[in-house]
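One letter stands for each residue in the lines below.
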Amino acid sequence: MSLDLMELLPADWRERLDPLIDPIGTAALSAFVEQEYGSQTVFPPREDLFNVFRHCSYDKARVLILGQDPYHGPDQAHGLSFSVREGVRLPPSLRNIYKELAADLEIPVAKAGDLTPWADQGVLLLNAVLTVRSGDAGSHAGKGWEEFTDAAIRALNDKSERVVFVLWGAYARKKARLITGVHHTVIESAHPSPLSAKRFFGTRPFSAVNKALADAGEPEIDWALS
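Owing to the predicted nature of the structure, the values given are computational and were not obtained by experimental measurement.

S.K.: Is there a simple way to think about the overall build of the protein chain in this case?
M.R.: The secondary structure content of the protein chain amounts to 10 helices and 6 strands. Computed over the C-alpha atoms, the radius of gyration of the protein chain is 17 Å, within 12% of the 17 Å expected from 2.2 N^0.38 for a compact globule of 226 residues. When the backbone C-alpha atoms are referred to their principal axes, the protein chain occupies close to 50 × 40 × 30 Å. Taken across its 226 residues, the protein chain has 54% of its residues classed as buried. At a minimum sequence separation of 6, the contacts of the protein chain that also span at least 24 residues come to 68%. Surface summary for the protein chain: the accessible area is close to 10,400 Å², and the carbon and sulfur share equals 51%. In the protein chain, 24 side chains carry a positive charge and 30 a negative one; their mean positions are 7 Å apart.

Next up, the structure:
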């Protein structure tokens, strides 16, 4: 049986994305992803592909943190942007995220890199491209994932409740054009990568997210990770 990405989506997200996605493009993307999983080492593992949507339902989603594509090293990616599995060494960008979190909210730097507790509170940790070949960063860019994940951003934009969109780096900041709801909040800055971390440090995105949520009468995110 051939892979059908829409059928793999949780029902609530499938209902929201279906009107926003070109079925022909999605069928082509499904065929590409199936072929890649069948012939290459691809991350995240197939069973983790849509963890971003499983851990954060559409109704619960109130913050988006957008990444570019998954980590391409063994055992790193598990379907949530910037997050790595328990026991995996922290990647440089995530270390810098933790440093800024500590400076912003005085939250101790976590030793582990699994950001699932954020996702479970309504933080959609979405990559613009959801798969990658082992050791080949950006290898699945331009294959249709961007249209798929743009639809997820548009679906969040359609929410009547405030959503806080966190866009780090030039690539993510281009997605601001998709966010048209005046009740939403967009937080932009440099990327936490070591290449741009000097401009990322001091931006205080975590307190800004919580202020935007509180101003809209929504619960703040508990950013602490045990």
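S.K.: Just checking my understanding: could you explain the pairing of strand 3 (residues 123-127) for this structure?
M.R.: Regular strands show a simple pattern: their side chains alternate between the two faces of the sheet. Taking burial as the measure, the 5 residues of strand 3 include 5 buried ones, the bulk of the element. Burial of the side chains of strand 3 extends over both faces: Val123, Leu125 and Asn127 are buried on one face and Leu124 and Leu126 on the other. Examined bridge by bridge, strand 2 (residues 63-67) and strand 3 share 5 bridges and lie parallel to one another. Bridge pairing links Gly67 to Asn127 in strand 3.

S.K.: Is there a simple way to think about the UniProt feature "domain: Uracil-DNA glycosylase-like" (unreviewed entry) in the protein chain in this case?
M.R.: The UniProt feature table records "domain: Uracil-DNA glycosylase-like" (unreviewed entry) at residues 54-213. Taken end to end, residues 54-213 is 32% helix and 14% strand, and its first and last C-alpha atoms sit 22 Å apart.

S.K.: Would you mind going over the environment of Met6 with me for this structure?
M.R.: As for its placement among the helices and strands, Met6 is situated in helix 1 (residues 5-8). Along the primary structure Met6 and Glu218 are separated by 212 residues, whereas in three dimensions their C-alpha atoms are 30 Å apart. Sequence-distant contacts of Met6, that is, excluding residues within four places in its chain, are made with Arg14, Leu17, Asp18, Ile21, Thr26 and Phe148.

S.K.: How do you make sense of the packing of helix 5 (residues 92-105) against helix 10 (residues 205-215) when you look at a structure like this?
M.R.: Two packed helices can be described by the angle between their axes and the distance between those axes. It is the contact of helix 5 with helix 10, at a shortest axis distance of 7 Å, that shows an interaxial angle of 60°. Here helix 5 lies oblique to helix 10, going by the angle between them. Contact with helix 5, carried on its side by Ile97, Glu100, Leu101, Asp104 and Leu105, involves Pro205, Phe206, Ser207 and Asn210 of helix 10 and no other residues of that element. Looking at the contact of helix 5 with helix 10 residue by residue, the classes come out as 5 nonpolar, 2 polar and 2 charged.

S.K.: What is the right way to read the UniProt feature "active site" (unreviewed entry) in the protein chain from this model?
M.R.: Per the UniProt record, the feature "active site" (unreviewed entry) sits at Asp69. Assignment of secondary structure puts Asp69 in the loop between strand 2 and helix 5. Once you skip the residues sitting within four places of it in the chain, Asp69 turns out to touch Asn127, Val129, Val132, Ala137, Gly138 and Ser139. At 2.7 Å, the side chain of Asp69 and the backbone nitrogen of Gly138 are in polar contact.

S.K.: When you look at the pairing of strand 5 (residues 164-168) in this model, what are you seeing that I'm missing?
M.R.: The element strand 5 is largely enclosed, with a buried count of 5 among its 5 residues. Going residue by residue along strand 5, you find Val164, Val166 and Trp168 tucked away on one face and Phe165 and Leu167 tucked away on the opposite face as well. Here strand 2 pairs with strand 5 via 4 bridges, running parallel. Counterpart to Val63 in the pairing with strand 5 is Val164. Sheet topology note: the strand 5/strand 6 (residues 185-189) ladder contains 5 bridges and is parallel. Directly across from Val166, in strand 6, lies its bridge partner Ile187.

About the criteria used
- Residues numbered from 1 in each chain as written.
- Predicted model: local features only at pLDDT ≥ 70, side-chain atom pairs only at ≥ 80, totals over all residues.
- Heavy atoms only, no water.
- Helix = DSSP H or I, 4+ residues; strand = E, 2+ residues; numbered from the N terminus.
- Rg over C-alpha atoms; globule rule 2.2 N^0.38 Å.
- Buried < 20%, exposed > 50% of the residue type's maximum accessible area, 1.4 Å probe, protein only.
- Contact = heavy atoms within 4.5 Å.
- Areas by Shrake-Rupley, 256 points an atom, 1.4 Å probe, with all protein chains shown as cover.
- Lys, Arg positive; Asp, Glu negative; His and termini not counted.
- Charge placed at Lys NZ, Arg CZ, Asp CG, Glu CD.
- Pairing = 2+ DSSP bridges.
- UniProt positions renumbered as here; feature names shortened; annotations may be inferred.
- Axes fitted to C-alpha atoms, helices over the stretch in contact; angles between N-to-C directions.
- Parallel < 35°, antiparallel > 145°, perpendicular 65-115°, else oblique.
- Nonpolar A, V, L, I, M, F, W, Y, C, P; charged D, E, K, R; others polar.
- Polar contact = N/O pair within 3.5 Å; in protein donor to acceptor, adjacent residues only side chain to side chain.

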